[in-house]
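# Tertiary structure, described
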Amino acid sequence: MRLLHTSDWHLGRAFHRVGMLGAQAEFIGHLVETVRERGVDAVVVSGDVYDRAVPPLAAVELFDDALHRLADLGVPTVMISGNHDSARRLGVGAGLLGRAGIHLRTEPSACGTPVLLSDAHGDVAFYGLPYLEPALVKDEFGVERAGHEAVLAAAMDRVRADLAARPAGTRSVVLAHAFVTGGQPSDSERDITVGGVAAVPAGVFEGVDYVALGHLHGCQTLSERVRYSGSPLAYSFSEAGHRKSMWLIDLDAGGAVTAERIDCPVPRPLARIRGTLEELLADPALAPHEQAWVEATLTDPVRPADPMARLTERFPHTLSLVFDPERAPDDPEVSYARRLAGRSDQQIAEDFVAHVRGAGPDERERAVLRDAIDAVRADEALQEVAR
């Protein structure tokens, strides 16, 4: 069976205020053509179909168009909700859509109930594990403490139990939306840390033939059977080095995996350039970036006059301007944003305690801070569900 694995469409998202709907529509057309030309038997979409819980109408219309075009091909599609989606909204009409071959899996309680598709070698069971917000699903899975590893392990126990009851030789595919250990994040993914931990070990998914992951925006191979497709478009300058693609996966009669990357259309290349303003305007080596979307970091010791206007004369698609004069890390003039870069909410809170009190929090106080941060995350998740 030949699968096309994609994820993280983020329909409705902009890139530094540049609307991406046209590029997203081009990607949908590319996906449909790939399905047609490469003889794809099933499409799997591993979450974050939309960029937010209540997407704009134009994004919903594009999603509707994608579903119609896939259904017209007669190729089944299995799709889960991600942490950006409203699972309840995405799942509306799932029963009716399933009759057209569009199988939406947005309910945590249905993790162990597969979509069964068949080829000449028998059944392939597709298990959809939507994004599992630990605080919201821990009771469903009977885990004592909310955590990503605990709820995913419980969901996979249901998958393995169902698979064990099926005829020998039944192959299996799991769709999941999670941060798996070994994956490389980028700046455009929403933080899903709970209890100070975001990642789960890949071993959680043992026992199935292929794991189609979503959430991280870079295409990655964690093992031959566990892969991220990544997002089809770049949504931050941290993805400037990404090769945006989908996975074309062949499952043979015994469940062995063969994978091929299918490149996605690039609306405009990304470039991150750094130096003084005069250097950036004069350096001939930067000529290939003149038509790219540009993030320019200026290292001038004093902010130059009209930097954006001058930059756009050479780089008309400059979208981001960062002022970062070369200074020692302990220089009091180093920007607040730079001091916080790469630090988690927990670390920032602990640093604040140390700054105010003169000493950092002890282990009990760290636990209080961690629980408070988790409670805010859980409350935000509940509010999204209620919208």
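Just above sits the structure.
Residues numbered from 1 in each chain as written. Predicted model: local features only at pLDDT ≥ 70, side-chain atom pairs only at ≥ 80, totals over all residues. Heavy atoms only, no water.

## Concerning the overall build of the protein
Looking only at helices and strands, the protein has eleven helices and 19 strands in total. For the protein, the C-alpha radius of gyration of 23 Å lies close to 21 Å, the compact-globule estimate for 387 residues. Based on the C-alpha atoms only, the size of the protein along its principal axes is roughly 70 × 55 × 35 Å. Sorting the 387 residues of the protein into buried and exposed places 48% on the buried side. A separation of at least 24 residues holds for 68% of the contacts in the protein among residues at least 6 apart in sequence. If you sum the accessible surface of the protein, you get close to 17800 Å²; carbon and sulfur atoms cover 52% of it. Across the protein, the centroid of the 39 positively charged side chains sits 1 Å from that of the 57 negatively charged ones. (Helix = DSSP H or I, 4+ residues; strand = E, 2+ residues; numbered from the N terminus. Rg over C-alpha atoms; globule rule 2.2 N^0.38 Å. Buried < 20%, exposed > 50% of the residue type's maximum accessible area, 1.4 Å probe, protein only. Contact = heavy atoms within 4.5 Å. Areas by Shrake-Rupley, 256 points an atom, 1.4 Å probe, with all protein chains shown as cover. Lys, Arg positive; Asp, Glu negative; His and termini not counted. Charge placed at Lys NZ, Arg CZ, Asp CG, Glu CD.)

## Observations regarding the sheet that holds strand β12 (residues 210–214)
Strands sit in the order β7-β8-β9-β12-β14-β13 across an open sheet of six strands; the sheet is mixed. Because the sheet does not close on itself, it has two edges, and the strands there are β7 (115–119) and β13 (220–223). If you compare each strand with its neighbour and ignore which way they point, the axes differ by 20° on average. Both strand β9 (residues 171–177) and β12 contribute to a ladder of five bridges, which runs parallel. Across the sheet, residue L175 finds its bridge partner in β12, namely A212. Sitting on the sheet, helix α6 (residues 148–164) is in contact with β8 (122–129) and β9, with an inclination near 160° to β8. (Pairing = 2+ DSSP bridges. Axes fitted to C-alpha atoms, helices over the stretch in contact; angles between N-to-C directions.)

## Some details on helix α1 (residues 21–37)
Under the 1.5 Å per step criterion, the end-to-end length of α1 is 24 Å for 17 residues, consistent within 8% with the ideal 24 Å. A23, Q24, F27, I28, G29, L31, V32, T34 and V35 are the residues of α1 that are buried. Where α1 is buried, its residues touch β1 (2–6), β4 (42–46), α2 (57–73), β15 (245–251) and β16 (257–263). (Expected span 1.5 Å × (residues − 1).)

## Brief notes about the environment of G128
In this structure, G128 sits in strand β8. C-alpha separation for the pair G128 and V45, spaced 83 residues apart in sequence, amounts to 9.7 Å. Discounting residues that sit within four places of it in the chain, G128 has contacts with I80, R105, C111 and L175.

## Remarks on the packing of α1 against α2
Interhelical geometry of α1 versus α2 gives an angle of 10° and a closest axis separation of 10 Å. As the angle between them shows, α1 and α2 are arranged roughly parallel. Listed contacts from α2 to L21, Q24, A25, I28, G29, L31, V32, V35 and R36 of α1 are A58, A59, L62, A66, R69, L70 and L73. Tallied by class, residues from the contact of α1 with α2 come to twelve nonpolar, two polar and two charged. (Parallel < 35°, antiparallel > 145°, perpendicular 65-115°, else oblique. Nonpolar A, V, L, I, M, F, W, Y, C, P; charged D, E, K, R; others polar.)

## Observations concerning the nonpolar core
If you look at the biggest cluster of nonpolar residues, it comprises 32 residues, and the most contacted ones within it are L129, F141, L152, M156, V174, F205 and L213. Only β8, α5 (134–141), α6, β9, β10 (179–180), β12 and β14 (226–228) provide two or more residues apiece to this core. Element by element, the count of residues in this core is highest for α6, at seven residues. In this structure F205 touches L152, M156, R160, V174, A176, V180, V211 and L213, once residues within four positions along its chain are discounted. (Core = buried A, V, L, I, M, F, W, Y, C linked by side-chain atoms within 4.5 Å.)

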